[in-house]
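Chain and residue survey
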Number of protein chains: 2
Amino acid sequence: MARHLIAVDWGTSNARAWLLDGKATPIAQSTSNKGMNRICKSEYNRTLASMVGSWLSDSVSRNIIACGMLGAANGWVEAKYRTVPCEPVLPLQCTSVVTSLENCVVYIIPGIKQYRPTADVMRGEETQIAGFLAGKPQFNGVMCLPGTHTKWVHISAGEIVSFRSFMTGELYDLLSSRSILRHSVASGEHLTEDFLEAASDQLSQPEKLAARLFALRAESLIAGLDAPRAGARLAGYLIGAELAASRPYWLGHRIAIVGAPRLAKLYSQALSLVGQEPIKAEAEQCTILGLAQAHAQSLT
Amino acid sequence: MARHLIAVDWGTSNARAWLLDGKATPIAQSTSNKGMNRICKSEYNRTLASMVGSWLSDSVSRNIIACGMLGAANGWVEAKYRTVPCEPVLPLQCTSVVTSLENCVVYIIPGIKQYRPTADVMRGEETQIAGFLAGKPQFNGVMCLPGTHTKWVHISAGEIVSFRSFMTGELYDLLSSRSILRHSVASGEHLTEDFLEAASDQLSQPEKLAARLFALRAESLIAGLDAPRAGARLAGYLIGAELAASRPYWLGHRIAIVGAPRLAKLYSQALSLVGQEPIKAEAEQCTILGLAQAHAQSLT
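To keep things clear, this report deals only with the structure shown in the data block. Since the model is a prediction, treat every value here as computed from it, not as a measurement.

1. Re helix α9 (residues 283-298) of chain B
Residue and element names in this part refer to chain B. Here α9 spans 23 Å end to end across 16 residues, near enough to the 22 Å set by a 1.5 Å rise per residue. Residues A283, C286, T287, I288, G290, L291, A292, A294 and H295 constitute the buried set of α9. Looking at where α9 begins, the residue whose side-chain oxygen comes 3.2 Å from the main-chain nitrogen of E284 is E282.

Here you go:
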């Protein structure tokens, strides 16, 4: 009887795989930079084999559970979106792909879409949400999943009611590495005071965003603004802008942040400006739990 | 006696040179992709020679007038900023560079800086402003110079009183060509209705910007939004955000837009949403006039 399983999170830029024991504890992990954006359909098989092939043994389930962009239309095989309101993951609705790897079948968890009030989509976050709710099945409120495209998600009675995506992470990356601000901005150091002052300015005058960005460049040129402080302010402006735009999500709700520790800390600090004290959970753990749970419910 | 002159606008990405007759009419023009970002200090001489060398004759002034990023600290030779409030161009304050080209000296018009109320800088726009004011010396009001980094400039009694820069053009380029939106957005077609609706939404709820961008991607994925319409809406959101942030500049003032025709039209249409009817002038013409005037006042 197979007691170990393989779980995969295949994102836009990278892929991660875990070998999990029966308690969803990672025994081994592998990563690849062959994210969806970097490979074509014919390369998934080979990439998967290089990531998990050495883990296969009699005690490992041949049903591999996966989430993320490999299920996009231009991923490996499309796993069609489910529509809100819905449970984050319904394991029996996975799309299966037969692989070239010793009897292995990959089951892809579908993403979720929303038509109203605004069109929106997610792929991968639904699995994190399921993993979070596995540990807190009674949670009602709003989840914030910060990342390249941060999601704010209304959860009620175990279902995703509505959600909204923000390009905050991608905007930060583009502005700090590709725009004129790249000469003036450094990331890495966490300067809480500058970050919070910028976020607060942005929350109180959200219409000023467009005016604040170039000022970082000008201040670095003629007023001695150093790059770590400029970076902290850029993060503050962008996260402040996101909070101004996501107000219907966080106002009067209980909030859970599911993210990488550094990002979760930034969002938590910014939310403290509006009187929120979110709980936090680690994103990778939630992903693993969500994948393991989907596997347990349908593929063991 | 020299009756012709050479004028150069050396920008971040490109350089343009004109051979002008005594009435500032271009007789010849040359361009180069060796903008400031693409060459080191030692390459300016050679690049200039390739652009204008063939124009030199007895009737051409050896005093070459230039504006733009060649005067930045990491350009050819630094032409130190002047500080507002000030006339846009004071020809006698140019910084000169002796070239390797038959007795030619390049005179670089300095940029302008501002410390209060917000740090800001310009290089090149001061020459366009001078060119515009050469034709309208009585203009009092606000000039809008749309581009990669759009400038809004308070003009009073022939002086620049204050100004503010917006990264709207650069944001549009990054989002439409480097972000996830690149799959969903096409530029080029001018869809006035979509553009104006987006600009109007943004002006009435400026705090929503961060929420609107990803929706363009989602709508294209699941709701059939086509790429030209998404592009028009992206431009509308970003220009709307700029107008929301630049309100103190355009509210209650007479406005002149100095820009490339396509951009000037977009800004003019967006400004009509707030009851403004700006006058328009063509950017290149203003640059040429500003350069010719600076030459006439000091270098003939």
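Anyway, onward from the coordinates.
2. Examining the sheet that holds strand β9 (residues 120-122) of chain B
The 3 strands lie next to each other as β5-β8-β9 (chain B), forming an open sheet whose pairing is mixed. The open sheet has two free edges, formed respectively by β5 (82-83) and β9 of chain B, since each of these has just one partner strand. In terms of strand pairing, β5 of chain B meets strand β8 (residues 112-114) of chain B through 2 bridges, oriented parallel. Looking across to β8 of chain B, one finds that R82 of chain B is bridged to I112 of chain B. Helix-sheet contacts for helix α5 (residues 209-222) of chain A involve β8 and β9 of chain B, and the interaxial angle to β9 of chain B is about 85°.

3. Notes on the pairing of strand β11 (residues 150-156) of chain B
Consecutive side chains of a regular strand alternate in pointing toward one face of the sheet and then the other. Residue and element names in this part refer to chain B. In terms of residue burial, β11 counts as a mostly covered element, since 6 of its 7 residues are buried. The pairing of strand β10 (residues 141-145) with β11 spans 5 bridges and is antiparallel. From the neighbouring strand, L145 faces β11, where its bridge partner is K151. Here β10 hands over to β11 after 4 residues, the two strands then running antiparallel side by side. Of the pairings in the sheet, the one linking β11 to strand β12 (residues 159-166) comprises 7 bridges and is antiparallel in character. Each residue of the ladder has a partner; that of W152, found in β12, is R164. Linking β11 to β12, which pair antiparallel, is a turn of 2 residues; within it A157 sits at a positive phi near 50°.

4. Considerations on the packing of helix α2 (residues 125-135) of chain A against helix α9 (residues 283-298) of chain A
The relative placement of two packed helices is expressed as an angle between their axes plus a distance between the axes. All names here are of chain A. Close contact between α2 and α9 brings their axes to 7 Å; oriented N to C, the two are set at 85°. With respect to α9, the axis of α2 lies roughly perpendicular. On α9, the residues that touch T127, Q128, A130, G131, F132 and A134 of α2 are A283, C286, T287, L289, G290, L291 and Q293. Residue composition of the contact of α2 with α9, grouped by class: 7 nonpolar, 6 polar and no charged.

5. A short note on the relation of the copies chain A and chain B
Taken as rigid bodies, chain A and chain B are interconverted by a rotation of 180° and an axial shift of 0.0 Å, the fit giving an RMSD of 0.0 Å. Such a turn and shift between the copies fits a two-fold axis. Relative to the rotation axis, the C-alpha of E207 of chain A is the closest in chain A, positioned 2.9 Å from it. Most of the interface of chain A is mirrored in chain B: 100% of its interface residues are interface residues there too.

Quick notes on the rules
Residues numbered from 1 in each chain as written. Chains lettered and ligands numbered in written order. Predicted model: local features only at pLDDT ≥ 70, side-chain atom pairs only at ≥ 80, totals over all residues. Heavy atoms only, no water. Helix = DSSP H or I, 4+ residues; strand = E, 2+ residues; numbered from the N terminus. Expected span 1.5 Å × (residues − 1). Buried < 20%, exposed > 50% of the residue type's maximum accessible area, 1.4 Å probe, protein only. Polar contact = N/O pair within 3.5 Å; in protein donor to acceptor, adjacent residues only side chain to side chain. Pairing = 2+ DSSP bridges. Contact = heavy atoms within 4.5 Å. Axes fitted to C-alpha atoms, helices over the stretch in contact; angles between N-to-C directions. Parallel < 35°, antiparallel > 145°, perpendicular 65-115°, else oblique. Nonpolar A, V, L, I, M, F, W, Y, C, P; charged D, E, K, R; others polar. Least-squares fit on C-alpha atoms with pLDDT ≥ 70 in both.

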